[in-house]
Amino acid sequence: MKWIRRILVVVFFLCLIAGLSLYWFVYRGLPSVDELKDIHPTMVSRVIGANGSAIAWFPPKGRIIIDKDKIPEEVKQAFIAAEDATFYTHEGLDWRRIFSAFITDIRAQSFVQGASTITQQVVRSYLLTRKKTLTRKMKEAVLALRMERRLTKDQILGLYLSRVYLGSGAYGAESAALRYFGRSLKALDLSEISLIAGLAPAPSRYSPLNNFPAARKRQWYVLSRMSQEGFISQTRAVDAYNKPLQITGRPIAMFTQYPYVTEYIRSLVIKKYGDGILSKGIGIQTTVDPRLQGFAEMAVRKGAIELEWRQGRYRGLSKMSDTQKKRCLALQKNQIAWQGLRPYYLYWAQVTGVDPLQVDMSGDKISLGAESYAWIAPKGAWKPEGTLRSGDMIRLCYNGKGFVISQQPQVQASLMALDVKTGGILAMVGGISFSKSQFNRAVKAQRQSGSAIKPFIYAAAIDKGLTPADIIFDVPLTYKDEKAEGEDEGEDETQAIEAWRPKNYKDRFYGPTSLRTGLVLSRNVVTIKILEDIGIGYAIEYLNRFDLGKKMPHDLSIALGTGSVNLLHLSGAYAVFANHGKAVNSHIIEYITRKDVGPIFSARDESIRKQVFEPDRKIISEQTAYILTSLLDSVVQDGTGWRAKAIKRPVAGKTGTSDDNRDAWFIGYTPDILCGVWVGYDDMMPLGENETGSRAACPIFTGFMEHALKDYPVNDFAVPEGVVFARVDTHTGRLASPGSKDVRFECFKEGNLPPSPASSFDRHLLKEVY
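Residues numbered from 1 in each chain as written. Predicted model: local features only at pLDDT ≥ 70, side-chain atom pairs only at ≥ 80, totals over all residues. Heavy atoms only, no water.

Here we come to the overall build of the protein chain. Along the protein chain, the regular secondary structure elements total 22 helices and 23 strands. Looking at the 770 residues of the protein chain, the share that counts as buried comes to 52%. Split by element, the accessible area of the protein chain, about 36500 Å² in all, is 51% carbon and sulfur. (Helix = DSSP H or I, 4+ residues; strand = E, 2+ residues; numbered from the N terminus. Buried < 20%, exposed > 50% of the residue type's maximum accessible area, 1.4 Å probe, protein only. Areas by Shrake-Rupley, 256 points an atom, 1.4 Å probe, with all protein chains shown as cover.)

Printed below as a string of C-alpha cells:
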C-alpha cells in the first residue's frame, strides 16, 4: 500500500507542477479582454474634390475600425459563410474543425491547416501575435473562450471586420472597400462584397491587383458558401459573379485614383501640422476638379505616347511568364468590361499570328495592319515576321480609332492647371506613372525654362518705356569673355577669349523686327538686345517679383532661359498676366476641418496665409499685364503657339525649349483657366529632332483645354483703362501714315504712343543701317 501512496503523491505533485507550468506559460500575464470593449471607430481623414466627392482617404496605417451597427448585413454574411459558418453557435472554439486540423497537421508534421474561428482571429489580431507556436495557440484558445463571455457576437464580428488584413495595405473591410473600389463599404454591391470576403485567408495570393484569376475563384467560393448557408439564392450568386468588378485600385498602396495629387496634399498637411494630424479625422477640401484631373491625365499620356511614336523609339518586348500573362489579361478583361476602351490607355495583347499580325486582347481577336506599327521604323525596317512569334506579349494603345503597337513611355511630362481668378489648382499631373516614379515633376523638378522666360523680359521692357511697336535689329552678335590665366609666379599674362554668338532657331537673322514680332516668333537675338537695353540688374529685380522660386543667372543668358524653374512657380508667374497684374494665390487646399475642433485652416484666412499669397498684391500694372496678354495672344495666332488655335477661343501663351531640346514647355491661359505643361526626360536626354515646346508641349495643353473649357463661356480678354490703340507702320514702328503699306492696330499705355510717321528718307535710312 505504501508504494501506491507514493505513486499517488508523485502523480499529485506532477499534476501540480504541470498545472503551475500551464498557468505560468498560458494564463499568467494574459491581456484583458475587457479592453476591446473600449475600441473606438477610426477617424479617417478624407480629401475632397471641388465637386464635393471624396478623391482620397488617409486611414492610419491602412486600418479602419467601424461601428458594428454600421456594417451592412451582407458583409457579415459573406465573411461568416466563408470563414466561420458556425460563428453564431459556437462558444469561441470549433472543436470539430480543431480535431480535423489536428489530424491533418500530425500527418504533415507541420501547421498546414487552420481551424481558427473568427473569435480566435480577433484574439490574434488585437491581443496576441501571429507567430505559430503551441503556447500561443493555447493562449489564443483561453482568450477566445473569455471573449465569448465578455463580448456579444456582434461586437466580436465588428472587431474582426475592422482589423482583418485584406491585402494591398488595407486592414478591415471598410479599408478594403476604399482601396479596391474607391467607395465606402455600405456602397458596395454583392459582387464587390464577395470579392473582399474572399481575400481573408491569403490576401497577397488572392489580391485582384496581383492575381485576378485567383481572386475570382475565391469570389465564387464565397458566393457559393453564402448560397449554401441560405443567405442568398443561387440565382443571385450567379448574377453577382457574372457582373464586372469596378476595380479602381492601382498597384500602389494608396487609397486614391490620383496619387500625385494625394501625395502632394499629404506632404503639405504633414509639413504644417505633423504626421499625427492625419489620424484625427480631418477633412481636406481641395480645389481639384476630378473631371478636369481626368482630362489632364489623358492629355499627358497622349502627348508622351505620341512623342515616342514620332521619334520611333521602340524598346522591344516585355518578358513575362505564362502565369503573368494570364493574370494581366484576366484583370484587363474585367476592366474593359466595366469601363470600356479608354483613349490612350495601354492594353496587353498576346500574339497569335504574325503574317498577318493577329493578337488576342483579353478574348478579343484583333488583326493589326502595317499602320499599327509604322512608327517603329518609318523606312519599313521593322516587320512582325522575324521579330514577333506566337505567345509574345505586346502593348497596344487605343487612339480613339484603332490600335497601335505601343509601350510604357520613358519620356516624362507634367501639367498644372489653375483657376485664373482664385489661383486654385484645378488639376495636377506629376509624371507618366506614379507606380514607376513617385517624383512629382510639377512641383519638384527644376528645369531650364528656355523661351518660356521671355515674356517676363518683355514685361520689364514695357515697364521701362518700350512699346510693342518698337523696332529692334535682329543681326548677328558676338560677346567676348576675357579670363586672365597664369598671373602667378611671374608668368606672362595670357588671355583665354571665349566668344558667345547667340543664334535664333535655325541660325537665321531677320533684320528690323518689332518687339511684338520678337516675342511672337521667339527671336533670341531680339530678346538679348532688349535685355541689354533695360539692363541685367533691372531685369533680375523685375523677375524676382514673380516668385519664380530660383535665382536667375546674372548675365545675358537669362534671356534664353538658362535659369531653372519648376512648373508650379512658372505657372503661378504667368497667372499674374492673366490676373490683371495681381499676385495669384496658387493653392490646392481650400480649407481643413477637424471633427472635434472645426475649421483649422483656410486659404482665404489672412491670419494664417503667407503674405506673398495676398491676392490683391500688385506685381505689375493692369496695363502692362494686358499688353503682355496681347503679345501672348499673338504668339498663338501668328507664332510658335499656333497649335493652341485649335481651342477656338481667345488664348494667350508661350512656348519654351531649352538647349538640345532637353525641355519643352507651353504655358497658356484664357480669361478663366491657365495651364502649364513641361515635357522632358529625367536623365536630361534630348527629346528628339524638332521636339520643341510647340510640338511636344503645346498639344498636351490643347488636348486638356479643349475638354476643360467646354462648360465655360467664350470670353475675350478685358481691356483695362489706360490702354489705347493706334495704327502703326510695322516697318518703322511709328504711327502709320496714309501711305503706309503694312499697318496693324497696336496697343500702348496711354501717353506712350510711338512718334509721328517717318518720312521716306527715314525709311530709306533704316534699310541702309541694316
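Take the side chain of arginine 516 next. On the secondary structure map, arginine 516 appears in helix H16 (residues 515-520). Each residue touching arginine 516, except ones within four places of it in the same chain, is listed here: Pro468, Ser630, Leu631, Ser634, Arg744, Glu746 and Cys747. (Contact = heavy atoms within 4.5 Å.)

What follows covers empty space enclosed by the protein. What the rule picks out here adds up to 1 cavity of 30 Å³ or more. Size it by volume and the largest cavity reaches roughly 30 Å³. Lining of the largest cavity is provided by Ile462, Leu466, Thr467, Pro468, Ile627, Cys747, Phe748, Lys749 and Asn752. A total of 3 residues in the lining of the largest cavity trace back to one element, the largest contributor, which is strand S23 (residues 743-749). Looking at the lining of the largest cavity, its residues break down into 6 nonpolar, 2 polar and 1 charged. (1 Å grid on protein atoms, 1.4 Å probe; cavity = no way out; pocket = protein on both sides within 12 Å on 5 of 7 lines; lining within 4 Å. Points joined across faces, edges and corners; volume = space filled by probe spheres on them. Nonpolar A, V, L, I, M, F, W, Y, C, P; charged D, E, K, R; others polar.)

A separate point is the environment of leucine 368. Of note, leucine 368 is situated in strand S6 (residues 364-368). Note: C-alpha distance between leucine 368 and proline 356 (12 residues apart in sequence) is 7.5 Å. Here leucine 368 is in contact with Leu357, Val359, Ile394, Leu396, Phe403 and Ile405, once residues within four sequence places are set aside.

For the structure on display, the rule yields 26 salt bridges. Among the ionic pairs, arginine 516 bridges to glutamate 746, the shortest N-O distance being 2.4 Å. Note that arginine 516 is positioned in helix H16 and glutamate 746 in strand S23, a separation of 230 residues in sequence. What you see here is one network of salt bridges that share partners, running through Arg310, Glu691 and Arg695. (Salt bridge = Lys/Arg side-chain N within 4 Å of Asp/Glu carboxyl O.)

Spatially, the 5 strands line up as an open sheet ordered S10-S9-S21-S20-S19, and their pairing is antiparallel. Because the sheet does not close on itself, it has two edges, and the strands there are strand S10 (425-429) and strand S19 (652-657). Strand-to-strand twist of the sheet, defined as the mean angle between neighbouring strand axes without regard to direction, takes the value 5 degrees. On top of the sheet, helix H13 (residues 290-311) reaches strand S9 (412-419), S10 and strand S21 (673-680); it is set at about 35 degrees to S10, its chief contact. Contacting S19 and strand S20 (663-669), helix H20 (residues 622-638) crosses the sheet at an angle of about 65 degrees to S19. (Pairing = 2+ DSSP bridges. Axes fitted to C-alpha atoms, helices over the stretch in contact; angles between N-to-C directions.)

Quick look at the nonpolar core now. Ranked by internal contacts, the top residues of the largest apolar core, which has 89 residues, are Phe546, Tyr574 and Phe577. Broken down by element, the residue count for this core peaks at 9 residues, all from helix H19 (residues 567-578). (Core = buried A, V, L, I, M, F, W, Y, C linked by side-chain atoms within 4.5 Å.)

Now for a positive patch on the surface. A contiguous patch of positive charge on the surface is contributed by Arg46, Lys70, Lys186 and Lys595. Mapped onto the fold, lysine 595 is located in the loop between strand S17 (589-594) and strand S18 (598-602). Look at lysine 595 and you get exposed, because its relative accessible area is 60%. (Patch = residues over 30% accessible without salt bridge, like charges linked within 9 Å, V, L, I, M, F, W, Y side chains within 5 Å. Lys, Arg positive; Asp, Glu negative; His and termini not counted. Charge placed at Lys NZ, Arg CZ, Asp CG, Glu CD.)

If you walk across this open sheet you meet the 5 strands as S6-S5-S4-S7-S8, and the pairing is antiparallel. This sheet does not close on itself; its edge strands, each paired only once, are S6 and strand S8 (403-406). Pairs of neighbouring strands in the sheet enclose a mean axial angle of 45 degrees, with direction left out of account. Sheet analysis places strand S4 (residues 346-354) next to strand S7 (residues 393-398), joined by 5 bridges and oriented antiparallel. If you follow leucine 346 over to S7, its bridge partner there is cysteine 397.

This paragraph deals with the packing of helix H15 (residues 454-463) against H19. Orientation of H15 relative to H19, taken along the N-to-C sense of each, is 35 degrees, at an axis distance of 11 Å. With respect to the hand of their crossing, H15 and H19 are arranged in left-handed fashion. Two secondary-structure elements touch here, H15 through Pro455, Phe456 and Ala459 and H19 through Leu570, Ala573, Tyr574 and Phe577. Considering only residue class, the contact of H15 with H19 consists of 7 nonpolar, no polar and no charged. (Left-handed = near helix turned anticlockwise from the far one by under 90°.)

Taken residue by residue, the protein chain gives an average pLDDT of 86. The fraction at 70 or more is 86%. Note that pLDDT drops below 50 for residues 109-113; the model gives that stretch 9 contacts with residues more than four away or on any other chain. Counted against residues more than four places away or in other chains, residues 606-613, with its pLDDT under 50, gives 16 contacts. (pLDDT = per-residue confidence, 0-100.)

Moving on, we get to the layout of surface pockets. There is about 1900 Å³ of room inside the largest pocket. Every residue lining the largest pocket is counted, 50 residues in all, and those nearest its centre are Arg250, Pro251, Tyr345, Leu346 and Arg395. Sorting elements by how many residues they give to the lining of the largest pocket places helix H14 (residues 322-339) first, with 9 residues. For the lining of the largest pocket, the residue count by class is 28 nonpolar, 14 polar and 8 charged.

The α-helix advances 3.6 residues per turn, and as a result positions three or four apart in sequence lie on the same side. Burial within helix H2 (residues 73-83) is extensive, with 9 of its 11 residues counted as buried. Of the positions making up H2, those classed as buried are Val75, Lys76, Gln77, Ala78, Phe79, Ile80, Ala81, Ala82 and Glu83.

This paragraph deals with unusual backbone geometry. Omega for the bond connecting aspartate 355 with proline 356 falls within 30 degrees of zero, at 5 degrees, which places this linkage in the cis form. By secondary structure assignment, the location of proline 356 is in the loop between S4 and strand S5 (357-361). One non-glycine residue, lysine 61, adopts positive backbone phi at about 55 degrees. As for its placement among the helices and strands, lysine 61 is situated in the loop between strand S2 (54-58) and H2.

With that settled, the discussion passes to the pairing of S7. The element S7 is largely enclosed, with a buried count of 6 among its 6 residues. Judged from the 4 bridges that link them, S7 and S8 form a sheet pairing that is antiparallel. In the strand pairing of S8, leucine 396 is matched with isoleucine 405.

Attention now goes to helix H8 (residues 190-197). Most of H8 is tucked away, with 8 of its 8 residues classed as buried. Among the residues of H8, Leu190, Ser191, Glu192, Ile193, Ser194, Leu195, Ile196 and Ala197 are the ones counted as buried. Buried residues in H8 make contact with H2, helix H7 (173-181), helix H10 (212-228) and helix H11 (234-242).

Looking at where valine 44 falls in the secondary structure, it is placed in the loop between helix H1 (2-27) and strand S1 (45-48). Assessed through its relative accessible area of 14%, valine 44 is described here as buried. Considering only alpha carbons, one finds valine 44 and tryptophan 57, 13 residues apart in sequence, at a separation of 6.8 Å. In this structure, valine 44 is in contact with Trp57, Phe58, Pro59, Ile64, Gly281 and Ile282, ignoring residues within four places of it in sequence.

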